[in-house]
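Close look at the chain arrangement
The residues making up each chain are set out below.
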Amino acid sequence: MAEVNIKVAMKQAIARSGRQNKELARAIGISPQGLSNYVNDPNRDVPVDLVGRLARELGDLQFKYEVGDWWLDLGLAITGTTVIPIPIALKEDMDDEQDDREQLDRQAKRVLRKLPEAWSKDDFDFIIRYRKEFNEEISSEHLMLDALDDWIKRAEIALQEVN
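From a predicted model like this one, the values you see are computed outputs, not experimental measurements. (Residues numbered from 1 in each chain as written. Predicted model: local features only at pLDDT ≥ 70, side-chain atom pairs only at ≥ 80, totals over all residues. Heavy atoms only, no water.)

1. Observations concerning a nonpolar patch on the surface
Among the surface-exposed residues, Val48, Trp71 and Leu72 lie close enough to one another that they form a single nonpolar patch of about 310 Å² accessible area. Structurally, Val48 is set in helix 4 (residues 48-58). For Val48, a relative accessible area of 34% corresponds to the partly exposed category. (Patch = residues over 30% accessible without salt bridge, like charges linked within 9 Å, V, L, I, M, F, W, Y side chains within 5 Å. Areas by Shrake-Rupley, 256 points an atom, 1.4 Å probe, with all protein chains shown as cover. Salt bridge = Lys/Arg side-chain N within 4 Å of Asp/Glu carboxyl O. Helix = DSSP H or I, 4+ residues; strand = E, 2+ residues; numbered from the N terminus. Buried < 20%, exposed > 50% of the residue type's maximum accessible area, 1.4 Å probe, protein only.)

2. So, the environment of Asn21
One can find Asn21 in helix 2 (residues 21-28). The sequence separation of Asn21 and Ser31 amounts to ten residues, and the corresponding C-alpha distance is 9.2 Å. The contact partners of Asn21, leaving out residues within four places of it in the chain, are Ile14 and Leu35. (Contact = heavy atoms within 4.5 Å.)

3. A few points about the packing of helix 4 against helix 5 (residues 61-72)
Remark: helix 4 packs on helix 5, axes separated minimally by 9 Å, with the N-to-C direction vectors making an angle of 165 degrees. Compared by their axis directions, helix 4 and helix 5 come out roughly antiparallel. Of the two elements, helix 4 crosses helix 5, and the hand of that crossing is left-handed. Across from Val48, Val51, Leu54, Ala55 and Leu58 in helix 4, the residues of helix 5 making contact are Phe63, Lys64, Val67, Trp70 and Trp71. A per-class count over the contact of helix 4 with helix 5 returns nine nonpolar, no polar and one charged. (Axes fitted to C-alpha atoms, helices over the stretch in contact; angles between N-to-C directions. Parallel < 35°, antiparallel > 145°, perpendicular 65-115°, else oblique. Left-handed = near helix turned anticlockwise from the far one by under 90°. Nonpolar A, V, L, I, M, F, W, Y, C, P; charged D, E, K, R; others polar.)

4. Digging into the packing of aromatic side chains
Counting across every chain of the model gives two aromatic pairs. Geometrically, the ring pair formed by Phe126 and Tyr130 is stacked, given 6.0 Å between the ring centres and 25 degrees between the ring planes. Of this pair, Phe126 and Tyr130 both sit in helix 7 (residues 121-162), separated by four residues, roughly a single helical turn. Relative to Phe134, the ring of Tyr130 lies with its centre 6.3 Å away and its plane at 15 degrees, an arrangement referred to as stacked. Placement of the pair is Tyr130 and Phe134 together in helix 7, with a separation of four residues, close to one helical turn. Look at Tyr130 and you get buried, because its relative accessible area is 15%. One aromatic cluster is present, formed by Phe126, Tyr130 and Phe134 through successive ring pairs. When the ring centre of Tyr38 is taken as reference, the NZ or CZ atom of Arg44 above it lies at 5.7 Å. When the ring centre of Trp151 is taken as reference, the NZ or CZ atom of Arg154 above it lies at 5.4 Å. (Phe/Tyr/Trp six-rings, centres within 6.5 Å; stacked < 30°, edge-to-face > 60°. Lys NZ or Arg CZ within 6 Å of the ring centre and 35° of its normal.)

As structure tokens, then:
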């Protein structure tokens, strides 16, 4: 298995973004020279929190997976130089969560038909749990959208190279 070279991954993600180092550095709270030093100086370690801020700022799914693999040494995000084909895995996870939530939706409808003042303690506890599940589903859907956007970009690039 290949190990993620975080400095190379940072350079590639920044290049894919088309954004200037100066603007990115300000967005993640460091100086442009500091960003340049972290990316280019082979003797300078890159702080985990800085890499996390950069990943969130760029929103580049490939880079996010590389960061996760680098930081946690999972060995899942990278096989060679290719990201594991995650859209199908995310879709399956999303479908499983949706099946679970459909049952919760039915119960939520029964509770939400009542005014909050009429809820029992069980109703209240259920709605708290339902809200958490709903938020997790939304997060899964956002990951799926990010994955689809990434794959669409990759397909566009591949199609342009063929033409």
